[in-house]
2 protein chains.
Amino acid sequence: MENFVLESPTKIIFGRDTLPLLGRETIALGRKVLLVYGRQSLKRNNLHQQICGYLRDSGLEIIEHGGVTSNPLLSHVRQGVELAKKHEVEVIIAAGGGSVIDSAKAIAAGAVVKHDVWKFFSAKKGITAPLPVGCVLTLAASGSEMNGGMVLTNDEKRLKLGAGNKKICPRFSILDPTLTFSVPADYTAYGAVDAVAHILEAYFNASGRNTAIQDRFMEGLIINIMEACEATLASPDNYETRANLMWGATLALNGWARAGLGITGFPMHLIEHTMSALFNTPHGAGLAVVIPAWMEWRLEQKPEKFAQFAARIFNITEGGVTERARQGLQHLRAWISRAGCPLTLKELGINESAIPELAANAQPQAKIWRLPEYDIDTICDILRLSR
Amino acid sequence: MENFVLESPTKIIFGRDTLPLLGRETIALGRKVLLVYGRQSLKRNNLHQQICGYLRDSGLEIIEHGGVTSNPLLSHVRQGVELAKKHEVEVIIAAGGGSVIDSAKAIAAGAVVKHDVWKFFSAKKGITAPLPVGCVLTLAASGSEMNGGMVLTNDEKRLKLGAGNKKICPRFSILDPTLTFSVPADYTAYGAVDAVAHILEAYFNASGRNTAIQDRFMEGLIINIMEACEATLASPDNYETRANLMWGATLALNGWARAGLGITGFPMHLIEHTMSALFNTPHGAGLAVVIPAWMEWRLEQKPEKFAQFAARIFNITEGGVTERARQGLQHLRAWISRAGCPLTLKELGINESAIPELAANAQPQAKIWRLPEYDIDTICDILRLSR
């Protein structure tokens, strides 16, 4: 096990009928609230009215900043920063999925500094004392509700970059699975794929040799997320499977599985972000295509780990190491397909001819994330496996 | 999944060469330190001198309170409270295993109130604003380094009771596996048994129906702790297996596995505590005897869960449900035995005739923990299975 420091500052409030706690949790952080939300999720369940009601009942003043898109945009975050500064907001409440939470985090970090918020993403500035963020989660996917990461698309530069700091971990997150009942099938599956990708990035990229405890934790999560995804798609209002998806996605990227793995990196996310940046591909859909391609490319380098994956996730124990490894990948591909997700660039509407442009677009992030192995040629090789 | 609120306020600093961080972490909490430790562990590795050196180098003033015993005593904690009050201590540093950390927590809670510290354990008073606690862990076992629980033996009343509150969670814990290299074989095994017991209490006592995510997390931990225990006993200076034992034991009782399980309870601990209270049995040794007895008694009520345990921990898939369930228990018993732990009251030196006295001694805790099912007759029935 590699050395690690683990801090989990987010208070998780999980379950049915937990939304009424929003006012009490928020007022402990400040009185003037910037409420950040997207375009769809609050319209369902009458959620916008409920949230504003609970905040106002606690005597909070609300400034609204809706309209976050599913690949959240720097330009919209900049507007949020202006709004937060102008009204001297004290706390940011994110009500939505990962895009909304990431936007809220960026606004929280940007509202207290004089420089442009993009400098956090281009690694020119560090985050020091952001405004506190609280969340009401409406999509099981990104894990942003319990970590210090955020991803933003610079719509001028057509770059999608990630930044992170434990100081922007949400102070609290309300996770009520019933708020995800109305998430449509495609986004339910994209969310599950995103969560599985977060685990696979850690599982196959860990630099440490002894990852016994983390491996079993991650394997259990993958099995649960896959099962919960299929069951939810068959029965979208099943509380228990929605709950497993929600808590599983949070655990997939809250730091606990990664603690002790050593350096891991996010090469699959690196590649997917270019699709979102250039083609506005939904993040989970892009990952559904990148995961099997990246795994096929990676398999030769770590056949034993892939065979372990095949054995523990899919009970594949017959045949040689490489054969078992390949079968495991084939089973994962089949799950992605059964969930209704694309498996090829073509299905995403991306022409093969765009591969060099995608690979070039990934280079700034590869540099910031210190992944020199992922040069243009390598990313082209990987993407060609997803034709 | 049942509703839950999860907070993990303890900062974990894990790995080799992390002890030099002690001064910096401590001074963030206060300048006047009560250093609590036991009788053995600090003598090894020159640890006492190292700890005092790092604290003094950071300009901290140290008041010492050594001599904690392995079933920590109320009388000794009371002395610690007096010392903390007299010197107006600002922070408590626990250097040792669970007994030392539990004592430190009790002193931290007792130092700021006028009433006797035992009232926290007899459930007459609640913990409000304890002094901050920091830990240097030297034994993989109790999980106290990352939770809000503590257990103390009232040496006048011959009662061993537990109390808990998230406010007494350590602020930080330094977990360096090399500090456990010199733990002797018996206590290494007792620690592993304690950690496995913490998981089994949650696994078999959960009131919630859907525990899919937590189950796989717990099953993975049990497998890892069992494997790491055997490997460590064979090779006591193996960093990786000591690391797996240490992190596994912390994860076993830090609240993450329990989140969402509903009410769980600690009936095995309830029964073991009476052995420690009346016969000063080492906690892990007592649990080694209670676990199989309690499981045999419980098996009839939850055969399906026991069969799941048998399948996922020991790959037992042949035969009927009860047969598989029994085989799983038999395998667990074999592991306890291979680890060199006792399996019967007789091996602990406790005569069968003491069973009624043990059962009666458990009643105050059964009442506080709200386990009315565990009346005198039931506990006698369970203990008779360990003759």
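None of the values given here were measured: they were computed from a predicted structure.

Q: In this structure, what is going on with the overall build of chain A? I would like to understand it.
A: Within chain A one finds 15 helices and 8 strands. Against the globule reference of 21 Å for 387 residues, chain A gives a C-alpha radius of gyration of 20 Å, in line with a compact fold. Projected onto its principal axes, the C-alpha coordinates of chain A cover approximately 65 × 45 × 40 Å. A burial count over chain A gives 55% of its 387 residues as buried. When contacts within chain A are restricted to residue pairs at least 6 apart in sequence, long-range pairs at least 24 apart make up 78% of them.

Q: Got a minute to help me understand the environment of Leu73 of chain B in this structure?
A: Residue and element names in this part refer to chain B. Examined against the element boundaries, Leu73 turns out to sit in the loop between β3 (61-68) and α3 (74-86). Note: C-alpha distance between Leu73 and Met146 (73 residues apart in sequence) is 21 Å. Dropping the residues within four chain positions of it, Leu73 is found in contact with Thr153 and Asp155.

Q: What's the story with the relation of the copies chain A and chain B in this structure? I'm lost.
A: Copy one and copy two of the chain differ by a rotation about an axis and a translation along that axis. Take chain A, turn it by 180°, move it 0.0 Å along the axis, and it overlays chain B with an RMSD of 0.0 Å. The transformation relating the two chain copies, once decomposed into turn and shift, fits a two-fold axis. Of all interface residues in chain A, 100% are interface residues in chain B too; the two copies therefore contact each other through one and the same surface.

Q: I tried to follow the interface of chain A and chain B on my own but got confused; where do I start?
A: Accessible area lost upon the coming together of the parts serves often as the stated size of an interface. Counting from both sides, the interface comprises 29 residues of chain A and, opposite them, 29 residues of chain B. Looking at the side of chain A that touches chain B, the elements with two or more residues in it are β1 (4-14), α7 (212-234) and α8 (239-252) of chain A. For the side of chain A that touches chain B, the element with the highest residue contribution is β1 of chain A, accounting for 9 residues. Residue composition of the side of chain A that touches chain B, grouped by class: 14 nonpolar, 10 polar and 5 charged.

Q: What is the right way to look at the nonpolar core in this model?
A: Across soluble globular proteins, you tend to see nonpolar side chains buried next to one another. Ranked by internal contacts, the top residues of the largest apolar core, which has 267 residues, are Ile92 of chain A together with Ile92 of chain B. If we ignore the near neighbours within four places in the chain, the residues touching Ile92 of chain A are Leu34, Val36, Ala104, Ile107, Ala108, Leu131 and Val133 of chain A.

Q: What am I meant to see in helix α11 (residues 303-314) of chain A here?
A: Residues separated by three or four positions in an α-helix point in the same direction, a consequence of the helix having 3.6 residues per turn. A rise of 1.5 Å per residue sets the reference length of α11 of chain A, with its 12 residues, at 16 Å; its end C-alpha atoms lie 16 Å apart and thus fit the reference within 8%. Asn315 of chain A, located one to two residues past α11 of chain A, shows a positive phi value of around 55°.

Q: Which parts of the structure should I look at to understand the pairing of strand β4 (residues 91-96) of chain B?
A: Within a regular strand, the side chains alternate between the two sheet faces. Residue and element names in this part refer to chain B. Buried residues dominate β4, accounting for 6 of its 6 residues. The two faces of β4 match: Val91, Ile93 and Ala95 on one face and Ile92, Ala94 and Gly96 on the other face are all buried. Inspection of the sheet shows β4 paired to strand β5 (residues 133-137) by 5 bridges, in the parallel sense. By the bridge assignment for β5, Ala95 is matched with Val136.

Q: Teacher, can you tell me more about the sheet that holds strand β8 (residues 172-175) of chain B here?
A: Note: strands within a sheet are paired through backbone hydrogen bonds, in either parallel or antiparallel orientation. Strand order in the open sheet made by the 12 strands is β3(A)-β2(A)-β4(A)-β5(A)-β8(A)-β1(A)-β1(B)-β8(B)-β5(B)-β4(B)-β2(B)-β3(B), with mixed pairing throughout. For this open sheet the edge positions go to β3 (61-68) of chain A together with β3 of chain B, each flanked by a neighbour on one side alone. The average undirected angle you get between the axes of adjacent strands in this sheet is 20°.

Q: What exactly am I supposed to notice about the domain arrangement of chain A here?
A: Residue and element names in this part refer to chain A. Domain boundaries in chain A define domain 1 (11-179) and domain 2 (185-384). The distance between the C-alpha centroids of domain 1 and domain 2 comes to 26 Å. Contacts between the two partners involve 20 residues from domain 1 and, on the opposite side, 29 residues from domain 2. The biggest single contributor to the side of domain 1 that touches domain 2 is strand β7 (residues 159-164), with 3 residues. Grouping the amino acids of the side of domain 1 that touches domain 2 by side-chain chemistry returns 10 nonpolar, 7 polar and 3 charged.

Q: I keep staring at the pairing of β7 of chain A and nothing clicks. Help me out?
A: Residue and element names in this part refer to chain A. Where strand β6 (residues 149-154) and β7 come together, 6 bridges link them in antiparallel fashion. Paired with Thr153 across the two strands is Lys160, which belongs to β7. Between β6 and β7, which pair antiparallel and follow one another directly, the connecting turn spans 4 residues, one of which, Arg158, has a positive phi of 50°.

Q: What is the right way to look at the environment of Gly320 of chain A in this model?
A: Residue and element names in this part refer to chain A. Among the secondary structure elements, Gly320 is positioned in the loop between α11 and α12 (321-338). Its 10 C-beta neighbours within 10 Å are what place Gly320 among the exposed residues. Here the alpha-carbon distance between Gly320 and Ala307, two residues 13 residues apart in the chain, equals 8.9 Å.

Q: Would you explain helix α12 (residues 321-338) of chain B in this entry?
A: Residue and element names in this part refer to chain B. Along its 18 residues, α12 runs 26 Å from first to last C-alpha, staying within 8% of the 26 Å computed at 1.5 Å per residue. Looking at α12, one finds that the buried residues are Arg324, Ala325, Arg326, Gly328, Leu329, Leu332, Trp335 and Ile336. Those residues of α12 that are buried are in contact with α6 (185-205), α7 (212-234), α10 (283-299) and α11 (303-314).

Q: Looking at this structure, I do not really get unusual backbone geometry. What am I missing?
A: Most peptide bonds are trans, and most residues other than glycine sit at a negative phi. All names here are of chain B. The backbone of Ala123 shows a phi angle near 65°, a positive value even though the residue is not glycine. Within the secondary structure, Ala123 sits in the loop between α5 (118-121) and β5. Even without glycine at this site, Arg370 takes up a positive phi of about 55°. Looking at the secondary structure, you find Arg370 in the loop between α14 (363-368) and α15 (376-384).

Q: I'm lost on the packing of α3 of chain B against helix α4 (residues 98-110) of chain B in this one. Help?
A: Helix packing geometry: the angle between the two helix axes and the distance between the axes. Residue and element names in this part refer to chain B. It is at 9 Å that the axes of α3 and α4 come closest, and there the two elements cross at 45°. Between α3 and α4, the crossing angle belongs to the class labelled oblique. Once α3 is placed against α4, the crossing between them reads as right-handed. Of the residues in α4, those in contact with His76, Val77, Gly80, Val81 and Ala84 of α3 are Ser103, Ala106, Ile107 and Gly110. Of the residues that constitute the contact of α3 with α4, the class distribution is 5 nonpolar, 4 polar and no charged.

Q: What am I meant to see in the environment of Ala104 of chain B here?
A: All names here are of chain B. Its location among the elements puts Ala104 in helix α4. What makes Ala104 buried here is the crowd of 33 C-beta atoms within 10 Å. Distance from Ala104 to Leu34, taken between C-alpha atoms, is 8.7 Å for residues 70 residues apart in sequence. With residues up to four places along the chain from it excluded, the contact list for Ala104 reads Val36, Ile92, Ala94 and Val133.

Q: Even after reading the chapter, I still don't get the confidence of the model for chain A, so can you show me in this structure?
A: Atomic detail in the predicted coordinates should be set aside for any region of low pLDDT. Overall, the prediction assigns chain A a mean pLDDT of 96, with 100% of residues at 70 or greater. Complex prediction metrics read pTM 0.96 and ipTM 0.96.

About the cut-offs
- Residues numbered from 1 in each chain as written.
- Chains lettered and ligands numbered in written order.
- Predicted model: local features only at pLDDT ≥ 70, side-chain atom pairs only at ≥ 80, totals over all residues.
- Helix = DSSP H or I, 4+ residues; strand = E, 2+ residues; numbered from the N terminus.
- Rg over C-alpha atoms; globule rule 2.2 N^0.38 Å.
- Buried ≥ 20, exposed ≤ 12 C-beta atoms within 10 Å, placed from the backbone.
- Contact = placed C-beta atoms within 7 Å.
- Least-squares fit on C-alpha atoms with pLDDT ≥ 70 in both.
- Nonpolar A, V, L, I, M, F, W, Y, C, P; charged D, E, K, R; others polar.
- Core = buried A, V, L, I, M, F, W, Y, C linked by C-beta atoms within 7 Å.
- Expected span 1.5 Å × (residues − 1).
- Pairing = 2+ DSSP bridges.
- Axes fitted to C-alpha atoms, helices over the stretch in contact; angles between N-to-C directions.
- Domains from an automatic or database assignment.
- Parallel < 35°, antiparallel > 145°, perpendicular 65-115°, else oblique.
- Left-handed = near helix turned anticlockwise from the far one by under 90°.
- pLDDT = per-residue confidence, 0-100.

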